[in-house]
Amino acid sequence: MSKVEGQIVEDEELDAEAEARRRLALAQIRQYPDAALKMTARAVEAFDDDLRDLVERMKRLMREAHGIGLAAPQVGVLQRIFVFTPRKDVVAAVVNPVIVEQSKETDVADEGCLSIQGVLVPIERPVRITLEGKDENGADVRFELDDIFARAAQHEADHLDGVLIIDKTTPDARREALSILRPRIVIT
Ligand SMILES: [Zn+2]
């Protein structure tokens, strides 16, 4: 695993059916420059069946899109919820997440985003974090994360504040990414 969220996590070739599912999933995920991606999400107050249905849908879309994280604004829901991979082969939901600790040590790695396809940009982030919040049933959850798992959680937490990878990368990488994205904006 090397790339965050938007990229194929493992290097296997997708068969035709999986590729079709991936495209259908991506079609249900808001794409840059959709306005929902720039907005700040609100705290969740009701842990009800609607929330659990949303979480199930997000987990399915994340898996089918071959991402390692997905935040609610990416499906047009402005609530503080994301799903992500806290360790290999596990998918968890975090509601009202808060990063309560982060390491001073940082590293830089390329990140993609399911909402900004075709772009990979370098981003510096703390290597280790502690994340607290609730699960979809309202129970307290706490994750101690490092490496790509910490990176994925920070990426998703940024989505809840309307912050995208192109906002956090270097000026040069941002310029290059926007030059890739700009023709698409004209077409759509
Ligand atoms: Zn993203």
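Our subject is the structure listed above.
Source: prediction; values computed, not measured.

This part is about the pairing of strand β4 (residues 106-113). With 7 bridges joining them, β4 and strand β5 (residues 116-126) adopt antiparallel strand pairing. The partner of Asp107 across the bridge, within β5, is Arg125. Between β4 and β5, which follow one another and run antiparallel, lie 2 residues.

Turning our eyes to something else, we now look at a negative patch on the surface. The grouping of Asp48, Asp50, Asp53 and Glu56 at the surface amounts to a negative patch. In this structure, Asp53 sits in helix α2 (residues 49-64).

Moving on: the packing of aromatic side chains. Counted under the stated rule, the structure contains 2 aromatic pairs. Seen from their ring centres, Phe82 and Phe84 are 5.4 Å apart, and the 85 degrees between their planes marks the pair as edge-to-face. The buried category is assigned to Phe82, whose relative accessible area is 0%. Relative accessible area serves as the criterion here: at 0%, Phe84 is assigned to the buried category. Here Phe84 and Phe143 contribute two aromatic rings whose centre-to-centre distance is 5.4 Å and whose plane-to-plane angle is 85 degrees, an arrangement assigned as edge-to-face. Remark: Phe143 occurs in strand β7 (residues 140-146) and Phe84 occurs in strand β2 (residues 81-84); sequence separation between them is 59 residues. Comparing Phe84 with Phe143, the two get one shared label, buried. Here the aromatic cluster, defined as three or more aromatic residues joined through ring pairs, consists of Phe82, Phe84 and Phe143.

What counts as what
Residues numbered from 1 in each chain as written. Predicted model: local features only at pLDDT ≥ 70, side-chain atom pairs only at ≥ 80, totals over all residues. Heavy atoms only, no water. Pairing = 2+ DSSP bridges. Helix = DSSP H or I, 4+ residues; strand = E, 2+ residues; numbered from the N terminus. Patch = residues over 30% accessible without salt bridge, like charges linked within 9 Å, V, L, I, M, F, W, Y side chains within 5 Å. Areas by Shrake-Rupley, 256 points an atom, 1.4 Å probe, with all protein chains shown as cover. Salt bridge = Lys/Arg side-chain N within 4 Å of Asp/Glu carboxyl O. Lys, Arg positive; Asp, Glu negative; His and termini not counted. Charge placed at Lys NZ, Arg CZ, Asp CG, Glu CD. Phe/Tyr/Trp six-rings, centres within 6.5 Å; stacked < 30°, edge-to-face > 60°. Buried < 20%, exposed > 50% of the residue type's maximum accessible area, 1.4 Å probe, protein only.

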